[in-house]
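Residue-level structure breakdown
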Amino acid sequence: MNAQEIIDIENKYTSGTYTKQPLVIVRGQGASLFDTDGVEYLDCSSGHGVANLGHAHPKIAEAIYKQASTLITLFETFPNDKRAELMQKITSLVDGLDRVFLCNSGTEAVEAAIKFARISTGRTNIVAAMRAFHGRTYGALSATFNKKYRDGFGPLVPGFSHVAYNKIEALDEAVTDETAALILEVVQGEGGVHPITAEYIQAARRICDERGALLIVDEIQTGFGRTGKMFAIQHFDMTPDLLTCAKSLAGGVPMGAVLIGENVKNLTPGVHATTFGGNPLSCAAAVAALGVMEEDDLPRQALVKGAYMMDKLREIDAPNIREVRGLGLMIGIEMKQKVTPYLKALQEKKIIALNAGMTVLRLLPPLVITYEQIDHVVNVLTEVLTAEQ
Ligand SMILES: Cc1ncc(COP(=O)(O)O)c(C=O)c1O
């Protein structure tokens, strides 16, 4: 099949829920993607923040191959060597979060966290932030703020409200002794790459403690080294009660997880489950991925490379740039106009990037991106952002 035939087939059979690019990607290597003609693209999207380790990592490929020829599936009622290894490893990453629920995606991790908060506290109300994105299934969608994701799907789950992000007074009013949980992203990703302030996250912890509400931190986009620490909360001296993660957890194999603290009660057999949760294949991939993250110190790479890249981006002299912000290799360039034409121009110059809302250009490159590749991205961005679009 040639590229056009592939595009035609997808366009014919797709559900229609995705905006399709006219570009067929068939292979990846490190921070690069390749089309059907072998043309190389620099990936500054990581498949929406998944490929932190880069594409086609040999240690992930090997782990998947070995486990696929040993045991792919096993319901969590039966213990398994790879699952046990992963559970031990992932709960060692954050002090105070010593249990884990394994699932298959980000939105499912958020669903589980919301259910755990309700069953634990006996309360129903969930407070989320304005601009928040937590996923597209009903609980997670109800916590998501933007109407663009919610419109047409009502009625959503009752009991959800939204409060201004990084505004302590508003939070103090919104979280009450009827609140089951407050859910927050440490850097709002889809909402425009907005980092949380230290004062706000500390206040969130204090307010939740005072009112008996649980604090859920959604690290689905910020987790696994992306912001320069294994988890973004580790930039602050704060432990949530529940931490959701997914995306790069298993090196690209679909997997989600909820890390659980001691304040979370009533998680008894039958309360929650999912068929594929903790399947040995994903667990083996995740054990390998976490191993690579530690051996290659990917969080540190993100911290240093992110600071380098952000400094260079801040030097771009383009009147249309409003602000460059972010944490580690999670970077947003807020423009004074819509970013779609810039993204298109970048793709023509063989760089794949993302938007975050209408006016923010988002860069989530694999953490293994090289300095040479960063310099190239910055040079092309300089060209594109200073040109008339
Ligand atoms: C912060 C956050 N939460 C939840 C999700 C949903 O994850 P998934 O697409 O795996 O369901 C995303 C996805 O982008 C996310 O960025």
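In what follows, the structure referred to is the one given above.
Residues numbered from 1 in each chain as written. Predicted model: local features only at pLDDT ≥ 70, side-chain atom pairs only at ≥ 80, totals over all residues. Heavy atoms only, no water.

**Focus: the overall build of the protein chain**
Within the protein chain, the secondary structure is distributed over 13 helices and 17 strands. A compact globule built from 389 residues should have a C-alpha radius of gyration of about 21 Å, and the protein chain, at 21 Å, falls within 12% of that. Along the first, second and third principal axes, the C-alpha atoms of the protein chain reach 55 × 55 × 40 Å. With 389 residues in all, the protein chain has 52% of them scored as buried. The long-range share in the protein chain, meaning contacts at least 24 apart out of those at least 6 apart in sequence, stands at 70%. For the protein chain, the accessible area works out to roughly 17,500 Å², and carbon and sulfur atoms hold 53% of it. Charge centroids of the protein chain, computed over 37 positive and 45 negative side chains, lie 3 Å from each other. (Helix = DSSP H or I, 4+ residues; strand = E, 2+ residues; numbered from the N terminus. Rg over C-alpha atoms; globule rule 2.2 N^0.38 Å. Buried < 20%, exposed > 50% of the residue type's maximum accessible area, 1.4 Å probe, protein only. Contact = heavy atoms within 4.5 Å. Areas by Shrake-Rupley, 256 points an atom, 1.4 Å probe, with all protein chains shown as cover. Lys, Arg positive; Asp, Glu negative; His and termini not counted. Charge placed at Lys NZ, Arg CZ, Asp CG, Glu CD.)

**Things to note about the sheet that holds strand β17 (residues 360-363)**
Sheet architecture is open: four strands sit in the order β13-β14-β17-β16, paired in antiparallel fashion. Where the open sheet ends on each side, the last strands, each with one partner, are β13 (321-327) and β16 (354-355). Bridging between β13 and strand β14 (residues 330-335) involves six bridges; their strand directions are antiparallel. Residue Gly326 lies in a different strand from β14, and its bridge partner there is Ile331. Across the face of the sheet, helix α11 (residues 298-314) comes into contact with β13, β14 and β17 while running at roughly 175 degrees to β13. Against the sheet, helix α12 (residues 340-348) touches β14, β16 and β17, its axis set at about 40 degrees to β17. (Pairing = 2+ DSSP bridges. Axes fitted to C-alpha atoms, helices over the stretch in contact; angles between N-to-C directions.)

**So, the site of the ligand**
With respect to spatial proximity, the complete set of residues near the ligand consists of Ser105, Gly106, Thr107, Phe133, His134, Gly135, Glu185, Glu190, Asp218, Ile220, Gln221 and Lys247. At 2.8 Å from an oxygen atom of the ligand is found a main-chain nitrogen or oxygen belonging to Gly106. For the ligand, an oxygen atom lies 2.9 Å from a polar atom in the side chain of Lys247. Considered on its own, the ligand offers 390 Å² of accessible surface; in the complex 81% of this is hidden by protein. (Near = heavy atom within 4 Å. Polar contact = N/O pair within 3.5 Å; in protein donor to acceptor, adjacent residues only side chain to side chain.)

**Observations concerning the state of the cysteines**
As used in these notes, a disulfide is a covalent bond between sulfur atoms, one from each of two cysteines. One pass over the structure, following the stated rule, counts zero disulfides. No disulfide involves Cys208; its sulfur sits 19 Å from that of Cys245, the nearest cysteine. Assessed through its relative accessible area of 0%, Cys208 is described here as buried. Summary of cysteine pairing: Cys283 is not part of a disulfide, and the nearest cysteine sulfur, belonging to Cys103, is at 11 Å. (Disulfide = S-S within 2.5 Å.)

**Structural notes on helix α13 (residues 371-386)**
Side chains three or four residues apart in an α-helix point the same way, a direct result of the helix having 3.6 residues per turn. Between its terminal C-alpha atoms α13 stretches 22 Å, which fits the 22 Å expected from 16 residues at 1.5 Å a residue. Restricting attention to buried positions, one finds in α13 the residues Gln373, Ile374, Val377, Val378, Val380, Leu381, Val384 and Leu385. (Expected span 1.5 Å × (residues − 1).)

**Brief notes about unusual backbone geometry**
Gly154 connects to Pro155 through a cis peptide bond whose omega is 0 degrees. Looking at the secondary structure, you find Pro155 in the loop between α7 (147-150) and β6 (160-163). In this structure, Ser46 is a non-glycine residue whose phi angle is positive, near 50 degrees. By relative accessible area, Ser46 is classed as buried at 1%. For Arg131, which is not glycine, the phi torsion reads 75 degrees and is therefore positive. Tracing the sequence through the fold places Arg131 in the loop between β5 (125-129) and α6 (138-143). Residue classification places Arg131 among the partly exposed residues on the basis of a relative accessible area of 35%.

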